[in-house]
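What the coordinates show
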Amino acid sequence: MQILESGIGELIQPFDMDEFREWNRTRKSRKLVDKRMSEQEAVSKFVYDGCYIGTELYGTVRAPMSLAREVVRQNKKDLRVCGQGVLELDLWLAAGLIKKLDITYIGLEVYGIPPSLRRAVESGQVETCVEWSNASITWRMKAAAMGVPFLPTRSMLGTDMLKYSAAKVVEDPFTGIKVALLPALVLDVALIHVQRADMFGNCQIDGITGFALEMSRACKRLIISAEEIIPTEDIRKYPDRTVIPYYLVDAVVHAPFGSYPGEMAYMYGRDEAGIKEWVDMSATAEGAKEYLDKYVFGLKDHAAYLDLIGKDRLEQAVETRERRE
Amino acid sequence: MQILESGIGELIQPFDMDEFREWNRTRKSRKLVDKRMSEQEAVSKFVYDGCYIGTELYGTVRAPMSLAREVVRQNKKDLRVCGQGVLELDLWLAAGLIKKLDITYIGLEVYGIPPSLRRAVESGQVETCVEWSNASITWRMKAAAMGVPFLPTRSMLGTDMLKYSAAKVVEDPFTGIKVALLPALVLDVALIHVQRADMFGNCQIDGITGFALEMSRACKRLIISAEEIIPTEDIRKYPDRTVIPYYLVDAVVHAPFGSYPGEMAYMYGRDEAGIKEWVDMSATAEGAKEYLDKYVFGLKDHAAYLDLIGKDRLEQAVETRERRE
Amino acid sequence: MSEPTYTRTELMICVAARLFEDGATCFIGTGIPMLAAMLAAKTTAPNLVPVFEFGGTGAILEELPRAVGEARTFHKGISALGICDTMETAQRGFIDYGFLGGAQIDPYGNLNSVVIGDHDHPRVRLPGSGGGNDVGSFCWKTIAIMQHDARRFIPKVDFLTTPGFLTGPGTRQAAGLPPGTGPAYVVSTLALMDYEPASCRMRLKALYPGVTVEAVVASTNFELVMPTHVEDIPAPGAEELRLLRDEIDPLKFYI
Amino acid sequence: MSEPTYTRTELMICVAARLFEDGATCFIGTGIPMLAAMLAAKTTAPNLVPVFEFGGTGAILEELPRAVGEARTFHKGISALGICDTMETAQRGFIDYGFLGGAQIDPYGNLNSVVIGDHDHPRVRLPGSGGGNDVGSFCWKTIAIMQHDARRFIPKVDFLTTPGFLTGPGTRQAAGLPPGTGPAYVVSTLALMDYEPASCRMRLKALYPGVTVEAVVASTNFELVMPTHVEDIPAPGAEELRLLRDEIDPLKFYI
């Protein structure tokens, strides 16, 4: 089972399974303690300059937007960032916070290539882009979540993706087929937004789970933002609904409309105009700055943000929510 | 990444990922067709002499007991069997149906070593026992479910388990630690019992999922038995509750009290006396035969079985169910 | 009766929609594939099983999804799980078709959505593979949807993001990609292309109304294999256009 | 006041229960570990987090589970997922303790639950590893619960099912098992043992009431390391016995 090919991409977040095990043993409490805090406190406490960070799900869908804005507000710099995003990572790119990227997809979906991404990468402000597919970056987290150093896949093979990644190709010793081995990925910090959590961090998600299960189990620090904080009794009544157990969680932030202007399944739909505002303003660096001034730097916190958006627009978003029918 | 050690155990179900892909492409319909049928029909159609078969979860918990009894009734022979079980596999052992075992655990739980297992293995009737741990056999199914030829683990290392398995030890090419590679496992037939399914095979499970997700995605034929058949509208209202989508499923058997004398979370508790009856009678080969005559061969089908058990005992089992509170 | 007028985008959607095989599982990406899938479901492929990469399977597409993760991708769906479930389902051979886009395509159907120019110092940074590479690796057949011009249809993509037939016959399998997989069609703004089996090179299959072979050749910066007979693509029918305009995208989000 | 009378099983349960560290995550197997966990939760370890291999985590143990998958293993639990979740949680270092049983144990704490005699022609076929090997591989500390007699405490197990310290210092890590893991205690029917750090060999730690060192030695078919001071295990207290008999196992399922 010799190495047939090795990607030349940098492993921008080197890993050591034994160190992660030790972290999980000594740095993650098993006690049920109240972890509720504000965005300000959570980001200040757990996000740091140069950390390797990721968000889930993505910009317009169940995204930790209130946390993402707080990261900008606190000007956390030199971030090394995992994966894919829409608005949330685009804000960080526009604010000049990202130094290195394990990139899968940063786009504006139907609105195309984000000008902020282009400016940040083409200018060299983002120093390194290591390429991964959406599945392979998730399986990298899954490897860490499983506690193993790699997972095999038949993706990435034969392409420049493999070449510019940090994967390795080997021959399967059982049947002789070629597989790419994806190195495990342990994030320093993960931000995940959910429908409901209790004060300890037990989380429920409605609708698709995206890669929340994998990311929550593949990080050293996990900040949860939740639309609702529910009593622990409701968690214990439906233990089969807990997808992220409390012992993975370091902070619980109550963030109603935390995914706005993106959507939250069964709670509110996306605000197309709100998304379009970023798309339009971020066309230029000046416009992006103006947007950040208006929606981030000019506001104290998420409550002030929601005030600025206004009740009418939020109610309209609720009106367009997906319903169980 | 050379092979440092290879288990000497037989790979009693050899696999070929490309063949499994081809099977999934050509032999599994994507159409929504009514798959409801009786135990008799499902077992007759999909279980065959010599097939490699597995059951989920296990004997006293959400177990496909009505299907397991039907396999005995139809005398499906020379079975190669996956994993772990309590009553369900013990019945097959007692009936002399098992030729080879990928064994993890066959026990009577608190009642100890099953005499039927001892008789079947010590007499040589079961020709081969290949050893796996509970996690490793599940990860073997998970490998197949993921469509990859193996998964790594840090289990099994340094023990006779590895030696008598079909795993291989290699050095992780990223960090140099040793890992065991577990070969993917694709079952010919899987039997899984769930709380609810629609006629197409979309399944919901309450309580723990055991290894239902892994097994359902790692088999060529899947027979589902379900306590309740529900309208597809109820599935589509809660798509986030579907753990086994219909396209994995070949047969849907309506089997109320299908796990009896074992339990079904939130529906009925286990009948200790019913379990104890097998424990006591299976102490001798004659007793086991008598039990099989009484509860399997002497009865036409699952309905007749439930008649024999009687309404009172079933109601008592319902009374002792776990409740959401 | 005069022919209805239509836009080039509407035509592309119709052409893509007609390629859906009834009862097949299909990975659907953002944009035109979503409109095409909805149109197919309402016309020739009522048993289509749409799969969206972040977890939605078997949705009933009553309202147009605008993103691959939004709730409309699992509206009345048969399951709403996560990206591992859909990608692993694809990796084990359950997904028949994948719809893909890209900034560049080459004669073997390889796609680029990472960079224009050099990877480390790109002239244009594109969004990245997303699920593209996975879809192109795992699905049995892939269909690319592309703007057709000579800067996009080029002999060699700047960055091989999503595998087509790589460098020709046998090379996908030699690289380790699952046998039997690969590109099937290209739906462009000018024509429908398939691939010549022997060479794995892109071949003109059918022209859109009013488009000439010469126009396609002029917009293609490599030699396109010519079939013995070039088919004609029928214009969108009145019912197709009505469905598209009134039912599928009444808010004119895409069309 | 006279000492309460108690059975050897009750004593073992109490000894095991006292080993639970408050707030720790513990894999709980069928039988005595379940009773011990319940007793610990009601006495010295109210913040114990029980983990059952098929998916139940953080249950409130109001009624005694009789199997590792039954609903009582996730009664008012914090999560009810599957075996992959619990085993992967253990593999990545989240599970502090594991309780194990076996038919044989050797001086390094290796356990056998597969066969007595030759593997391919066994004298006694045992149930198999189950989750035992995994628990012994992944958990930070394991505690074995064993009948103490000379046929079970032997120099070399017939089949090394669950890894203890293998053949001595450094051998676990050399085999690839996660560093820092290994056996911590043996709770037998006669005494409590731990392991001498330098040699990784089993060491007598404390005697049950009325048991002599000689009795333990006579029942151990290998040389047990002797500590400078052998501790005495206190008999079960009245409250421990009341809890066990009245609240934990009132139906006398185990005791």
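1. Concerning the side chain of Thr25(C)
Tracing the sequence through the fold places Thr25(C) in strand 1 (residues 25-27). Residue Thr25(C) is classed as buried on the basis of its relative accessible area of 2%.

2. Let's talk about the interface of chain A and chain C
Tallying the contact residues gives 52 residues for chain A and 53 residues for chain C. Of the roughly 4,100 Å² buried between chain A and chain C on both sides combined, carbon and sulfur atoms contribute 60%. The interface formed by chain A and chain C contains three salt bridges. Where Arg66(C) meets Glu272(A), a salt bridge forms, and the shortest distance between an N and an O atom there is 3.5 Å. Counting every contact that joins chain A to chain C gives 28 residue pairs in polar contact (both at pLDDT 80 or more). For the side of chain A that touches chain C, the secondary structure elements donating two or more residues are strand 4 (98-106), helix 5 (115-122), strand 5 (128-131), helix 6 (134-146) and helix 7 (160-163) of chain A. In terms of residues, the side of chain A that touches chain C owes the most to one element, helix 6 of chain A, which gives six residues. Its residues assigned to classes, the side of chain A that touches chain C shows 23 nonpolar, 15 polar and 14 charged.

3. Regarding the interface of chain B and chain A
Facing the 40 residues of chain B at the interface are 40 residues of chain A. Summing both sides of the interface, chain B and chain A together bury roughly 3,200 Å²; the carbon and sulfur share of this comes to 70%. Put simply, chain B and chain A have four salt bridges between them. Put simply, Asp18(B) and Arg154(A) hold a salt bridge, and the shortest N to O gap is 2.8 Å. Taken together, chain B and chain A are joined by eight residue pairs in polar contact (both at pLDDT 80 or more). For the side of chain B that touches chain A, the secondary-structure elements that each account for two or more residues are helix 1 (17-26), helix 6 (134-146), strand 6 (150-153), strand 7 (168-171) and strand 8 (178-183) of chain B. Of the residues that constitute the side of chain B that touches chain A, the class distribution is 23 nonpolar, five polar and twelve charged.

4. Concerning the sheet that holds strand 1 (residues 3-6) of chain B
Residue and element names in this part refer to chain B. Taken in spatial order, the four strands line up as 1-7-8-6 in an open sheet, and their pairing is antiparallel. This sheet does not close on itself; its edge strands, each paired only once, are strand 1 and strand 6. The mean inter-strand angle of the sheet, taken between neighbouring strand axes irrespective of direction, is 30 degrees. Relative to strand 6, helix 6 is tilted by about 140 degrees, and along the sheet it contacts strand 6 and strand 8.

5. Focus on the relation of the copies chain B and chain A
Each copy superposes on the other: chain B lies on chain A with an RMSD of 0.0 Å after a rotation of 180 degrees and an axial shift of 0.0 Å. The two molecules are tied by a two-fold rotation axis, judged by turn and shift. A shared interface surface links the copies, since 100% of the contact residues of chain B are contact residues in chain A too.

6. A few points about the side chain of Ser133(B)
Tracing the backbone shows Ser133(B) in the loop between strand 5 (128-131) and helix 6. Not counting the four nearest positions on each side in its chain, Ser133(B) is found in contact with Thr104(B), Ser155(B), Met156(B), Met161(B), Ser129(D), Gly130(D), Asn133(D) and Asp134(D).

7. Quick notes on helix 2 (residues 32-42) of chain D
By the criterion of burial, helix 2 of chain D is predominantly enclosed, with eight of the eleven residues buried. Within helix 2 of chain D, burial applies to Pro33(D), Met34(D), Leu35(D), Ala36(D), Ala37(D), Met38(D), Leu39(D) and Ala40(D).

8. Remarks on the sheet that holds strand 6 (residues 150-153) of chain A
Residue and element names in this part refer to chain A. Judged by pairing direction, the sheet is antiparallel, and its four strands sit side by side in the order 1-7-8-6 without closing on themselves. This sheet does not close on itself; its edge strands, each paired only once, are strand 1 (3-6) and strand 6. Strand-to-strand twist across the sheet, computed as the mean angle between neighbouring axes with direction ignored, equals 30 degrees. Pairing geometry for strand 1 and strand 7 (residues 168-171), over three bridges, is antiparallel. Considered in strand 7, the bridge of Ile3 is made with Val170. In the packing of helix 6 onto the sheet, the strands contacted are strand 6 and strand 8 (178-183), and the crossing angle to strand 6 comes to about 140 degrees.

9. With respect to the pairing of strand 5 (residues 97-100) of chain C
Residues and elements named next belong to chain C. Of the two faces of strand 5, the one holding Tyr97 and Phe99 and the one holding Gly98 and Leu100 are both buried throughout. In this structure, strand 1 lies alongside strand 5, joined through two bridges in parallel fashion. Counted as the bridge partner of Cys26 is Tyr97 from strand 5. In this sheet, strand 10 (residues 141-146) lies alongside strand 5 in parallel orientation, the contact comprising four bridges. Opposite Leu100, over in strand 10, you have Ala144 as the bridge partner.

10. Here's the deal with unusual backbone geometry
Following Glu56(A), the chain continues into Leu57(A) via a peptide bond in cis, with omega recorded as 0 degrees. Secondary-structure assignment places Leu57(A) in the loop between strand 2 (52-56) and helix 3 (65-73). Positive phi values are uncommon outside glycine, yet Glu109(A) reaches one of about 55 degrees. Within the secondary structure layout, Glu109(A) lies in the loop between strand 4 and helix 5. Unlike most non-glycine residues, Leu166(C) shows phi in positive territory, near 55 degrees. Tracing the backbone shows Leu166(C) in the loop between strand 10 and helix 5 (171-175).

11. Details of the packing of helix 1 (residues 8-19) of chain C against helix 2 (residues 32-42) of chain C
Residues and elements named next belong to chain C. Between helix 1 and helix 2, the shortest axis-to-axis distance is 8 Å and the interhelical angle comes to 60 degrees. In terms of orientation, helix 1 and helix 2 fall into the oblique class. As for the relative orientation of helix 1 and helix 2, their crossing is right-handed in sense. Contacts between helix 1 and helix 2 pair Thr9, Met12, Ile13, Cys14, Ala16 and Ala17 from the former with Ile32, Leu35, Ala36, Leu39 and Ala40 from the latter.

12. Regarding the pattern of salt bridges
If you walk through the whole model with that rule in mind, you get 84 salt bridges over all chains. Its salt-bridge partner being Arg203(D), residue Asp194(D) comes within 2.9 Å of it at the nearest N-O pair. A relative accessible area of 11% places Asp194(D) in the buried class. Take Arg203(D): its relative accessible area is 21%, and that puts it in the partly exposed class. Here the salt bridges do not stand alone but share partners, grouping Glu109(A), Arg270(A), Glu272(A), Glu63(C), Arg66(C), Glu70(C) and Arg72(C) into one network.

13. Considering the packing of aromatic side chains
Following the criterion strictly, the structure yields 36 aromatic pairs over all chains and no others. For the ring pair Phe257(A) and Tyr268(A), a centre distance of 4.9 Å and an interplane angle of 35 degrees mean the geometry is tilted. Of the two residues, Phe257(A) is situated in the loop between strand 12 (251-254) and helix 10 (272-281) and Tyr268(A) in the loop between strand 12 and helix 10; the sequence distance between them amounts to eleven residues. Across the pair, Tyr268(A) and Phe257(A) agree in class, each one buried. Three or more aromatic residues joined by ring pairs make a cluster, and in this case those are Tyr260(A), Trp278(A), Tyr291(A), Tyr295(A) and Tyr305(A). Its end group placed over the ring of Trp140(D), Arg21(A) keeps NZ or CZ at 4.5 Å from the ring centre.

14. Description of empty space enclosed by the protein
Tallying each qualifying case throughout the model produces 13 cavities of 30 Å³ or more. Space inside the largest cavity adds up to approximately 1,000 Å³. Taken together, 39 residues line the largest cavity, and the ones lying closest to its centre are Leu213(A), Thr209(B), Leu213(B), Leu81(C) and Leu81(D). When contributions to the lining of the largest cavity are tallied by element, the ones reaching two or more residues are helix 6 and helix 8 (212-216) of chain A, helix 6 and helix 8 (212-216) of chain B, helix 3 (83-91) of chain C together with helix 3 (83-91) of chain D. Among the residues making up the lining of the largest cavity, the classes are represented as 15 nonpolar, eight polar and 16 charged.

15. Quick word on the pairing of strand 7 of chain B
All names here are of chain B. Bridge analysis of strand 7 against strand 8 gives four bridges, and the strand direction is antiparallel. When the sheet's bridge partners are listed, Val169 is paired in strand 8 with Ala180. In this antiparallel pair of consecutive strands, strand 7 and strand 8, the connection spans six residues, and Gly176 shows a positive phi of 80 degrees.

16. Re the confidence of the model for chain C
Detailed conclusions should not be drawn from predicted coordinates in areas where pLDDT is low. Counting all residues, the mean pLDDT for chain C is 96, and 99% of those residues have values of 70 or more. As scored by the predictor, the complex reaches a pTM of 0.98 and an ipTM of 0.98.

17. Some points on helix 3 (residues 65-73) of chain B
Among the nine residues in helix 3 of chain B, nine count as buried, and that is most of the element. Buried residues of helix 3 of chain B: Met65(B), Ser66(B), Leu67(B), Ala68(B), Arg69(B), Glu70(B), Val71(B), Val72(B) and Arg73(B), and no others.

18. Details of the packing of helix 6 of chain A against helix 6 of chain B
For the pair helix 6 of chain A and helix 6 of chain B, the least separation of the axes is 15 Å and the interaxial angle reads 175 degrees. The pairing of helix 6 of chain A with helix 6 of chain B is recorded here as roughly antiparallel in orientation. Contact residues: helix 6 of chain A offers Trp139(A), Lys142(A) and Met146(A), while helix 6 of chain B offers Trp139(B), Lys142(B) and Met146(B). Residues belonging to the contact of helix 6 of chain A with helix 6 of chain B are distributed by class as follows: four nonpolar, no polar and two charged.

Scoring rules and cut-offs
- Residues numbered from 1 in each chain as written.
- Chains lettered and ligands numbered in written order.
- Predicted model: local features only at pLDDT ≥ 70, side-chain atom pairs only at ≥ 80, totals over all residues.
- Heavy atoms only, no water.
- Helix = DSSP H or I, 4+ residues; strand = E, 2+ residues; numbered from the N terminus.
- Buried < 20%, exposed > 50% of the residue type's maximum accessible area, 1.4 Å probe, protein only.
- Contact = heavy atoms within 4.5 Å.
- Buried area = accessible area lost by both parts, 1.4 Å probe.
- Salt bridge = Lys/Arg side-chain N within 4 Å of Asp/Glu carboxyl O.
- Polar contact = N/O pair within 3.5 Å; in protein donor to acceptor, adjacent residues only side chain to side chain.
- Nonpolar A, V, L, I, M, F, W, Y, C, P; charged D, E, K, R; others polar.
- Pairing = 2+ DSSP bridges.
- Axes fitted to C-alpha atoms, helices over the stretch in contact; angles between N-to-C directions.
- Least-squares fit on C-alpha atoms with pLDDT ≥ 70 in both.
- Parallel < 35°, antiparallel > 145°, perpendicular 65-115°, else oblique.
- Left-handed = near helix turned anticlockwise from the far one by under 90°.
- Phe/Tyr/Trp six-rings, centres within 6.5 Å; stacked < 30°, edge-to-face > 60°.
- Lys NZ or Arg CZ within 6 Å of the ring centre and 35° of its normal.
- 1 Å grid on protein atoms, 1.4 Å probe; cavity = no way out; pocket = protein on both sides within 12 Å on 5 of 7 lines; lining within 4 Å.
- Points joined across faces, edges and corners; volume = space filled by probe spheres on them.
- pLDDT = per-residue confidence, 0-100.

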